[in-house]
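Residue-level listing of the chains:
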Number of protein chains: 2
Amino acid sequence: MSALFAPTVPRLAALPPSRRALEIPTSPDRPVLTARVARLRGAGSMVRGRISRLSVRDVRFPTSLGGHGSDAMHTDPDYSAAYVVIETDAEDGIKGCGITFTLGKGTEVVVCAVNALAHHVLNKDLKDIVGDFRGFYRQLTSDGQLRWIGPEKGVVHLATAAVLNAVWDLWAKQEGKPVWKLLVDMDPRMLVSCIDFRYITDVLTEEDALEILQKGQVAKKEREKQMLAQGYPAYTTSCAWLGYSDDTLKQLCAQALKDGWTRFKVKVGADLQDDVRRCQIIRDMIGPEKTLMMDANQRWDVPEAVEWMSKLAKFKPLWIEEPTSPDDILGHAAISKALVPLGIGIATGEQCHNRVIFKQLLQAKALQFLQIDSCRLGSVNENLSVLLMAKKFEIPVCPHAGGVGLCELVQHLIIFDYISVSASLKNRMCEYVDHLHEHFKYPVMIQRASYMPPKDPGYSTEMKEESVKKHQYPDGEVWKKLLAAQEN
Amino acid sequence: MSALFAPTVPRLAALPPSRRALEIPTSPDRPVLTARVARLRGAGSMVRGRISRLSVRDVRFPTSLGGHGSDAMHTDPDYSAAYVVIETDAEDGIKGCGITFTLGKGTEVVVCAVNALAHHVLNKDLKDIVGDFRGFYRQLTSDGQLRWIGPEKGVVHLATAAVLNAVWDLWAKQEGKPVWKLLVDMDPRMLVSCIDFRYITDVLTEEDALEILQKGQVAKKEREKQMLAQGYPAYTTSCAWLGYSDDTLKQLCAQALKDGWTRFKVKVGADLQDDVRRCQIIRDMIGPEKTLMMDANQRWDVPEAVEWMSKLAKFKPLWIEEPTSPDDILGHAAISKALVPLGIGIATGEQCHNRVIFKQLLQAKALQFLQIDSCRLGSVNENLSVLLMAKKFEIPVCPHAGGVGLCELVQHLIIFDYISVSASLKNRMCEYVDHLHEHFKYPVMIQRASYMPPKDPGYSTEMKEESVKKHQYPDGEVWKKLLAAQEN
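Residues numbered from 1 in each chain as written. Chains lettered and ligands numbered in written order. Predicted model: local features only at pLDDT ≥ 70, side-chain atom pairs only at ≥ 80, totals over all residues. Heavy atoms only, no water.

**Student:** Even after reading the chapter, I still don't get the relation of the copies chain A and chain B, so can you show me in this structure?
**Tutor:** The operation linking the two copies of the chain is a rotation about an axis combined with a translation along the axis. Taken as rigid bodies, chain A and chain B are interconverted by a rotation of 180° and an axial shift of 0.0 Å, the fit giving an RMSD of 0.0 Å. This pairing of chains is accounted for by a two-fold axis. Taking C-alpha positions as reference, the residue of chain A nearest the rotation axis is A:Gly154, located at 2.4 Å. A shared interface surface links the copies, since 100% of the contact residues of chain A are contact residues in chain B too. (Least-squares fit on C-alpha atoms with pLDDT ≥ 70 in both. Contact = heavy atoms within 4.5 Å.)

Here it is as C-alpha cells:
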C-alpha cells in the first residue's frame, strides 16, 4: 500500500448502481436513518454491500510452552483468538476481519457464541448497519433470548466484540482508511450515533458526548501530524512475566533499555518475597527515573492488596494494576484511598466487562489510570463511550494490549483518543508486548518506544491465512503435532 | 419415596470396600483434607464413587408461543435449560442432575461451556470433591485458561452452576436427604469449607461465617418443624406477564386470589400508560392490603427509573425489581436513595453474576430485598456466601424463581436460610411461577401459597426423561414439529 489512506477499491463511479451506498432514496417515514445517511453522504462514504457470509475459527498459539504471558492468575495461557471473517456481495472482494482474544481453552465456547450471533449480521446491508450503528449494537447485545446468558458480559460479549471488530475492519477498508483515521475524520454526530448510551446517561448523555467531541475538533490537525511524526508513547510488559527466571528478566530488561524503552511493567502477586526480589532487580536495572508499573492480575482481596503493595511501595511503582476482582468497584475505591497517599495509583480495565463497570469506577474515584481493552468491550462502539466518560472525569486512558492482536487493535483507539478526545499525553501510554505480531498482515510498528499510526486501511486485524491454518485448534499442523506428542 | 429422608441406597456395609468413602487412610501431609474427611465421617457420610460420566443436553420449552415469561427486556423467551447428568462408578445407580436456566437461543453456548469444564469433574472421587469443596469450586472458576472468558460471570459461570448443581444433587441423593436438609444437618465448619471467600473477606471472613452459622443452630429444630408444617411463604408472578392481555390478567388474578395468594408481582417498564392501567387493574382486584411488587427487568437508566417509579408509587408497591443494569451498584444505590422515602424498596439479584456484586450492593445500601438465583451464582456454594453476607447486613433474601426448574432448586436454599441463617420470615418470601413443573420428577409442592419442604433426596433437579427427549433442541419431537411448521 503506497499512498497514505488510499482506498482499496475503485471509486464510486466504477460500481454498479445497486451497490452505491449513497444512492438511497430519502423517505419521510425514516427521518433518523435519512439524517444518518446524509451524514454518511457528507463524509463521502463508500459503504456498500450486503453481508453474505460470516465464518469464525478457533486459532491458538502454544505460548504456554515458553511461560510467555504467565501471571499470578493465568499460569499457563495459550494466547488464542476467535477469528471472524465477514464477506459481502459487493464485487470488491474486501473482507472484514475481527478477533476477540482468549487464553486457549474456552475459545471454542466463544466460537459457538459468535455462531449464535451470526443471524443478526447475515443479510444486512453494511450501510444499514453503520447508518444506525447504535441500533445494530443494541440488537446484538439485547437479543431477547441471548441477553440472559450475558447481558453484555463474558462469552457473549467477547463474541459481540469479535463480530463488531470485523464490521469496523470492513467499514474502514471500504473507506480506504485505518480505523483511527476513519474515527478522526468522522462527524461528531456520526460518532455519537455509534454509541449505546443505555445505563450511562446519569454520567454521560448524548449532548455531553457531542460537546466533548466538538471541543476535540480544535487543533486536531496538529495532533494528527504529531502522531504521524512521533507516534503514541508505549510501555513494555515483555520483560517481566511471572514465569520468567531472574536471568531471563535481566537479559530482556537490558535489551529493552538498549531499544529505548523507558517504561516497564512487572507481574506480581504470587509470592511476596519473589516480588521483592524481582522488583529490586528491575528497579536496579532501569534506575530511579524510569517508570515502573506493577500488575497483580486480580490475585488479592482488598485488605491483602493494601498490605502487599505497602511493602512494594519502596520500588516507586506508578500504578498497581488489577489488585483485586475486576467486578469490585468499591474494593478498588478502598484500595485507591489507601495507596494513593503512598504515591501508587490504581489501574484496571482489561477484564472490566462493559461501560457500566467503567462508569462506576470513575464515579467512585476507584482508579487513576483507565485501561480499555479492544476485545472485551463491545468493539469501537462501547470503547467510544468509555473514552468519553474518562475524558469527562479527566482520568488518563492507558490501554491494555498484548495477547494476540490486542496491540494491533487498540493502537487505533488510543491514537483517535489523543487526536479527537483527550488532546493530552500526560500520564498516558499504551501497553506493548512483543509477541505474535508476525501472524498479522498489517502488524504494529514500534519506533522509539512509540506506536506509529498504522496507514493501511482497516483495523489491522487481518491475520495471515497461513498462520490461521497452521494454528487452528485442534486440526492445524501445530496442534496436531503437539497433541500427538502429548499422547505419546 | 415413603420414608422421610430415607437413603435411596443400601447402607455402607453393602458396598464393596473400595467404594467406602470413609475408609480413606489419614495422611500427615494432607492435614486439611483429613480434617474435612473427619467431619464427613462425623456426619455419618455415605459419599462414594468416582465420577465416570458427564452428559449435557439442550432442553427448550416453546413458552414464547403463549407470551409466558415476557417482560420489558425479554419479549419472547423460550424457557430452557442446559441439563447436566453426572454418573459415578458406584454400584448404586444414583445420578446427579443439574440445570442452569436459559431463555432459548444461547443454550447451545452454555452446553459448549459445560463440556469445556467437564475435565475438571471427570474421574474425580465424589468424596474428594465434597471433602474439599472450596478447592473444587476454585478449580472450576479459576482455571488458568478458562477464567479469561469469565471470570465468574456469564456463560462460563452459568455452566459452572449447572455442573455444581448436579454435584449437590448427587451428594444429597447419596446421603438420602433433600439438599435443604443436608445443609441444615451439616456441621457449620463443613458448610464454611464449601465457600470460596476470595474477594469478599473485606465484608465476610471465615470466622464471621462460622459465627453466624453457629448462632443459627439455636432453636433450629423448632424452625425445621415449623417449615415442615407450614412451608415457606411464596408470592406469584404468574398473573401479570407483560405479554398478557388485560382480560387474561384479570382472570389469572381472580383465580390466584381464590387459591389463597396474597402477594403478587406485575411486570412494568415498557410503556408508562400501559403500566398505570395494568397496575390499577391489579391493585383494584387484590385490594389495598395485599402485597404488590413491580419488576422492570432492567429497562431503565437511573434517572428514568426514579421518574417512572414516582408515577407508579400511588399503587403502593413493596419493591421495584431490577430498575436498571444488574451491574450498576452505584445506580441502584442512587435509585434506592430516591425511592425509599416514597415507601418503595429496591430488589435485585437474578442477573447479578457473582458474590462480588452482591457484596457491593450490600455495602452501598443499594437494595432492600436481595434476590438470589440458584442457577446464575455458582450453585449452593456461592449462594451460601451471599446468604451469610445478607444476614450480616440484615437484608431479607427473597429468591428469584420461575423459568424452568428455578422454583425446584431455590426452595432448598431459602428453607435452609430460614432454619439455619436468618431465623426470620419478616419481609421475606420466595417467588413462584406456575409453569413447567410437570417436567420434573420431584416437582415443587405449593400449599396455602407456601413452598412445602421437599422430602425426596436430592436437589429436585431431575427431569423426566420423556420430557427431556421430547424437548431436546433441535431434535426432540416438539421442536421438529415447530421448526417444520416454521419452514412451511
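**Student:** Please explain the UniProt feature "domain: Mandelate racemase/muconate lactonizing enzyme C-terminal" (unreviewed entry) in chain A as it appears in this structure.
**Tutor:** Here the UniProt feature "domain: Mandelate racemase/muconate lactonizing enzyme C-terminal" (unreviewed entry) sits at residues 246-341 of chain A. Within residues 246-341 of chain A, the helical portion is 52% and the strand portion 14%, while the C-alpha atoms at the span's ends are 31 Å from each other. (UniProt positions renumbered as here; feature names shortened; annotations may be inferred. Helix = DSSP H or I, 4+ residues; strand = E, 2+ residues; numbered from the N terminus.)

**Student:** Quick question: what am I supposed to make of the interface of chain A and chain B here?
**Tutor:** When the parts of a complex come together, some accessible area is lost, and that lost area is often used as the size of the interface. Chain A puts 62 residues into the contact, and the matching count from chain B is 62 residues. Taken over both partners, the interface formed by chain A and chain B buries close to 5,200 Å², and the fraction arising from carbon and sulfur atoms is 56%. When the buried surface of chain A facing chain B is broken down by residue, A:Lys105, A:Gln145 and A:Trp148 rank first, second and third, together holding 18% of it. Scanning the region where chain A abuts chain B turns up 6 salt bridges. (Buried area = accessible area lost by both parts, 1.4 Å probe. Salt bridge = Lys/Arg side-chain N within 4 Å of Asp/Glu carboxyl O.)

**Student:** What should I look at first to understand the sheet that holds strand E2 (residues 80-88) of chain A in this one?
**Tutor:** Hydrogen bonds along the backbone pair up the strands of a sheet, which may run parallel or antiparallel. All names here are of chain A. Pairing in this open sheet of 3 strands is antiparallel, and the strands run E1-E2-E3 from one edge to the other. Across the chains shown, the open sheet's two edge strands, defined by having one partner strand only, are strand E1 (51-60) and strand E3 (95-102). Neighbouring strand axes in the sheet, compared pairwise and without regard to direction, differ in orientation by 15° on average. Judged from the 8 bridges that link them, E2 and E3 form a sheet pairing that is antiparallel. (Pairing = 2+ DSSP bridges. Axes fitted to C-alpha atoms, helices over the stretch in contact; angles between N-to-C directions.)

**Student:** Can you help me understand the nonpolar core in this one?
**Tutor:** In globular proteins that are soluble, nonpolar side chains generally tend to be buried together. A:Trp168 and B:Trp168 are the most contacted members of the largest nonpolar core, which has 301 residues in total. In this view, A:Trp168 contacts A:Phe133, A:Val179, A:Leu182, A:Leu183, A:Met186, A:Cys194, A:Ser379, A:Val380, A:Asn381 and A:Tyr459; residues no more than four positions away in its chain are not counted. (Core = buried A, V, L, I, M, F, W, Y, C linked by side-chain atoms within 4.5 Å. Buried < 20%, exposed > 50% of the residue type's maximum accessible area, 1.4 Å probe, protein only.)

**Student:** Could you clarify how one ought to interpret the pairing of strand E6 (residues 291-295) of chain A in this entry?
**Tutor:** The two faces of the sheet receive side chains in turn, since in a regular strand these alternate between them. Residue and element names in this part refer to chain A. Within E6, 4 of the 5 residues are buried, which leaves it mostly tucked inside the rest of the structure. Of the strand pairs in this sheet, strand E5 (residues 263-267) and E6 are connected by 5 bridges, and their pairing is parallel. For Arg-263, the partnering residue across the bridge sits in E6 and is Thr-291. Once you follow E5 into helix H11 (residues 272-286) and on to E6, the crossover reads as right-handed. Both E6 and strand E7 (residues 319-321) contribute to a ladder of 2 bridges, which runs parallel. (Right-handed = clockwise from strand over helix to strand, strands pointing away.)

**Student:** I tried to follow helix H4 (residues 133-141) of chain A on my own but got confused; where do I start?
**Tutor:** Structurally, the α-helix is built with 3.6 residues per turn, so residues lying three or four positions apart point the same way. Those residues of H4(A) that fall on the buried side of the exposure criterion are A:Phe133, A:Arg134, A:Phe136, A:Tyr137, A:Leu140 and A:Thr141. What you see down the axis of H4(A) is that its buried residues fit within an arc of 165°, all on one side. (Arc of directions from axis to C-beta.)

**Student:** Help me understand the pairing of strand E2 (residues 80-88) of chain B in this model?
**Tutor:** Residue and element names in this part refer to chain B. The buried count for E2 comes to 9 of 9 residues, which makes it a mostly enclosed element. Of the two faces of E2, the one carrying Ser-80, Ala-82, Val-84, Ile-86 and Thr-88 and the one carrying Ala-81, Tyr-83, Val-85 and Glu-87 are both buried. The pairing of strand E1 (residues 51-60) with E2 spans 9 bridges and is antiparallel. In the strand pairing of E2, Ser-55 is matched with Val-85. Connecting E2 to the next strand, strand E3 (residues 95-102), in antiparallel fashion are 6 residues, including Gly-93 with a positive phi near 70°.

**Student:** Explain the side chain of B:Asn383 to me, please; I cannot follow it from the model alone.
**Tutor:** Assignment of secondary structure puts B:Asn383 in helix H15 (residues 379-393). Residues within four places of B:Asn383 in sequence aside, it is in contact with B:Ile372, B:Asp373, B:Ser374, B:Leu377 and B:Leu413.

**Student:** Please explain the packing of aromatic side chains as it appears in this structure.
**Tutor:** The relative placement of two aromatic rings is captured by the distance of their centres and the angle of their planes. Taken as a whole, this structure holds 24 aromatic pairs over all chains when the rule is applied. Relative to B:Phe101, the ring of B:Tyr79 has its centre 5.2 Å away and its plane inclined at 75°; by these criteria the two rings are edge-to-face. In this pair, B:Tyr79 sits in the loop between E1 and E2 while B:Phe101 sits in strand E3, placing the two residues 22 residues apart along the sequence. B:Phe101 shares its class with B:Tyr79; the two are buried. Residues B:Tyr432 and B:Tyr451 carry aromatic rings whose centres are separated by 5.8 Å and whose planes lie at 85° to one another, so their mutual orientation is edge-to-face. Here the residue B:Tyr432 occupies a position in strand E10 (residues 430-432), and B:Tyr451 occupies one in strand E12 (residues 450-452), the gap between them amounting to 19 residues. Taken together, A:Phe133, A:Phe136, A:Trp168 and A:Trp171 form an aromatic cluster joined through their ring pairs. The ring centre of A:Tyr199 lies 5.9 Å from the NZ or CZ of A:Arg198, which sits over that ring. (Phe/Tyr/Trp six-rings, centres within 6.5 Å; stacked < 30°, edge-to-face > 60°. Lys NZ or Arg CZ within 6 Å of the ring centre and 35° of its normal.)

**Student:** Please clarify how the pattern of salt bridges should be interpreted in this entry.
**Tutor:** Proximity of charged atoms lets side chains of opposite charge pair with each other. Residues and elements named next belong to chain A. What the rule picks out here adds up to 68 salt bridges over all chains. Here Asp-185 and Lys-177 are joined by a salt bridge, their closest N and O atoms 2.8 Å apart. Between Lys-181 and Asp-185 there is a salt bridge, with the nearest N and O atoms lying 3.1 Å from each other. You can see Lys-181 and its partner Asp-185 sitting in helix H6 (residues 179-185), 4 residues apart, about one turn around the helix. The class for Lys-181 is buried, based on a relative accessible area of 8%. Each member of the salt-bridge network shares a partner with another, and the members are Arg-138, Glu-152, Asp-196, Arg-355 and Glu-382.

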